[in-house]
Amino acid sequence: MSIDWPSILDDGVIVVLLLCVAAGTLPVISTAFQFLVLPFHAFVNHYGRAAPYTPNVAVIVPAWNEGPVVGASIDRLLTLDYPQDRLRIYVVDDASTDDTPEIVRAKERENPGRVFHLRREQGGEGKAHTLNHGISRVLASSWAQAILIMDADVIFARDSVAKMTRHLADPRVGAVTAYIAEGSRDRNYLTRFIAIEYVLGQLAARRAQNVLGAIACLAGGAQLHSRENLEAIGGRIPTGTLAEDTMTTFESQLHGRRMVFEPHALVLAEEPRTIDALWKQRLRWARGNVQLTRHYRRLWFRPRRGHRLGSVSFGLMWFSTFLLPVAMLLASFGLVVLLVLHSDLAATVFRIMWVSAACTYLYSIFFALQLDARTGRHAWREALLFPGVGSFVVMVSALFPGLLENDVPGLFGLQLTASGRIDWTLCIYVWGAAAMLGAWLARAVEGTRAGRVLAPLLLYLVGYGSLLCAITIDSYVKEWRKADTAWIKTEKVGRVVG
Amino acid sequence: MTDSDADDEKGWRSIRRDARLERRLLPQAVAALALVAVVVAIREVFFA
């Protein structure tokens, strides 16, 4: 009996291509999984173990040239609905060259024993070093029972700190994070996209992480640690990575302590208003995630006692974000080659992939709009267009076969030719990958005269997710080339509604 | 009732209120799933 090698080879190629397309559906499966787990937070949450608890809290505010925002942040901290004799504010001035020292010293004089100005004469080493300067000072005294790390520009809702500390009544909890919402008073299209991203990434995803017992990141702008937790991880924030907040979160969990996301503790933050500024901020975060993925390489998909970071569900969530651009490229590649080899099979897998994406999109966006009605009211357009007009068209094409190819042209007495049909199919198959190029283009044109109009149009076309994917690819390249890791601070000018 | 007792009571009320708010996640999930079901039904009826 002879072996039919050409047939085996053909089948092997098809299997590889199908696996490529399957890789493209993994992020969809991960998102669907998180949003299906999310409603369980109604019962699987930490409120049953929380209790009124107001420990002595040392607030550490890292500040480098934060003149426009630091005064308002201190004022808000001083008026929080929290026993004022149990709250001290330490502003760590990282060798600022603006009026930050004068502003903080004035607050220190007005509030003796409550506001402290700590000056670093040699600055510019990054946020972790600045924080450690403050933490070492705070831990040197026995007064602080909890340490709140925040950003200089964020504004805490009056009850937010008390809502966070109540979880520390449970000694198993090492740290608590809050819901950081985009809070600019003069919003633009980009801050509205970011607002929706935070609803999806925090109010939804972190609730799901609460249920699953592993938190990916305590937001750097609002993380409350018990003193014991900070001491257990060495009494300092890990340096040597661009994602110090994520590494702190991982280390805390590896030391056996539980992390809690408190969705009702609201903290408003100022977010970038231009693609370029967002790119720089997110590139730092994405490069940090590349570094951590490598650093914790022995952790992934290896369940252990004591923490859930090695669970399959957490690994799926982590890598579906980390490898999202790779998944999109593989899916487009698989679909296009399948179109050439087996167009019927390509049509079937395309439909499975994008119908599942469309259902997940509808479910998650409609759910998200209910989670934060305030954001939903002012950013509903960005919510609907979060995947971009292009992906919206692809989803409609998959959900309602023939609608865009036959029915809509037919309304105008038009009909797609055979070659036009192939071109259309090709376009929707490669869209996932092409959209990332569009996002890169949006950044490239933003600084030009036409960019003020063109950049937002491009972003609405390709979607916010494609922009994040393009930034992630940039992070792979920069890490591979070991590019400079100098800390680039996101500019804040005090736009948050107080 | 001392100030401390009043603060405690306020804290417990806040915890109970937020725990109650979390239970809204269930009807919200049902509403979102219902939307998906409607869209899938339209697909099955008109575009199958």
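Residues numbered from 1 in each chain as written. Chains lettered and ligands numbered in written order. Predicted model: local features only at pLDDT ≥ 70, side-chain atom pairs only at ≥ 80, totals over all residues. Heavy atoms only, no water.

A. The arrangement of the packing of aromatic side chains in detail. Residues and elements named next belong to chain A. Tallying each qualifying case throughout the model produces 22 aromatic pairs over all chains. Grouping aromatic residues by their ring pairs yields a cluster made of Phe 250, Tyr 296, Trp 300, Phe 301, Phe 314, Trp 318, Phe 319, Phe 322 and Tyr 476. Looking at Arg 88, its charged tip hangs above the ring of Trp 143, at a distance of 4.0 Å from the centre. (Phe/Tyr/Trp six-rings, centres within 6.5 Å; stacked < 30°, edge-to-face > 60°. Lys NZ or Arg CZ within 6 Å of the ring centre and 35° of its normal.)

B. Main features of the interface of chain A and chain B. At the interface, 31 residues of chain A touch 26 residues of chain B. Between chain A and chain B, the buried area comes to about 2,500 Å², and carbon and sulfur atoms account for 72% of it. In terms of surface lost to chain B, no three residues of chain A exceed Pro 52, Tyr 363 and Phe 400 of chain A, which account for 21% of the buried area on that side. Inspection of the chain A/chain B interface yields four salt bridges. (Contact = heavy atoms within 4.5 Å. Buried area = accessible area lost by both parts, 1.4 Å probe. Salt bridge = Lys/Arg side-chain N within 4 Å of Asp/Glu carboxyl O.)

C. Molecular detail of the sheet that holds strand β8 (residues 258-269) of chain A. Residue and element names in this part refer to chain A. Judged by pairing direction, the sheet is mixed, and its eight strands sit side by side in the order β3-β2-β1-β4-β7-β6-β8-β5 without closing on themselves. Of all the strands in the sheet, the pair left with one neighbour each is β3 (115-120) and β5 (155-156). Bridge analysis of β5 against β8 gives two bridges, and the strand direction is antiparallel. Looking across to β8, one finds that Ile 155 is bridged to Leu 268. Against the sheet, helix α2 (residues 67-78) contacts β1 (57-63), β2 (87-94), β3, β4 (146-150) and β5, and its axis sits at roughly 165° relative to β2. (Pairing = 2+ DSSP bridges. Helix = DSSP H or I, 4+ residues; strand = E, 2+ residues; numbered from the N terminus. Axes fitted to C-alpha atoms, helices over the stretch in contact; angles between N-to-C directions.)

D. Quick peek at the pattern of salt bridges. Enumeration according to the criterion identifies 26 salt bridges over all chains in this entry. Between Lys 10 of chain B and Asp 81 of chain A there is a salt bridge; the shortest N-O distance is 2.9 Å. Note that Lys 10 of chain B is positioned in helix α1 (residues 3-22) and Asp 81 of chain A in the loop between α2 and β2, a pairing that runs across two chains. Taking relative accessible area as the criterion, Lys 10 of chain B reaches 40% and is therefore assigned partly exposed. The class of Asp 81 of chain A is partly exposed, set by a relative accessible area of 39%. Here Arg 119 of chain A makes a salt bridge to Glu 121 of chain A, at a shortest N to O gap of 3.6 Å. By relative accessible area, which is 28% here, Arg 119 of chain A ends up partly exposed. Linked through salt bridges whose partners overlap, the residues forming this network are Asp 159, Lys 163, Arg 166 and Glu 262 of chain A together with Asp 18 of chain B. (Buried < 20%, exposed > 50% of the residue type's maximum accessible area, 1.4 Å probe, protein only.)

E. Inspection of the pairing of β3 of chain A at higher detail. Residue and element names in this part refer to chain A. Where burial is concerned, most of β3 is hidden: five out of the six residues are buried. In the sheet, β2 pairs with β3 via six bridges, with the strands oriented parallel. Considered in β3, the bridge of Ile 89 is made with Val 115. For the segment spanning β2, helix α3 (residues 100-110) and β3, crossover handedness is right-handed. (Right-handed = clockwise from strand over helix to strand, strands pointing away.)

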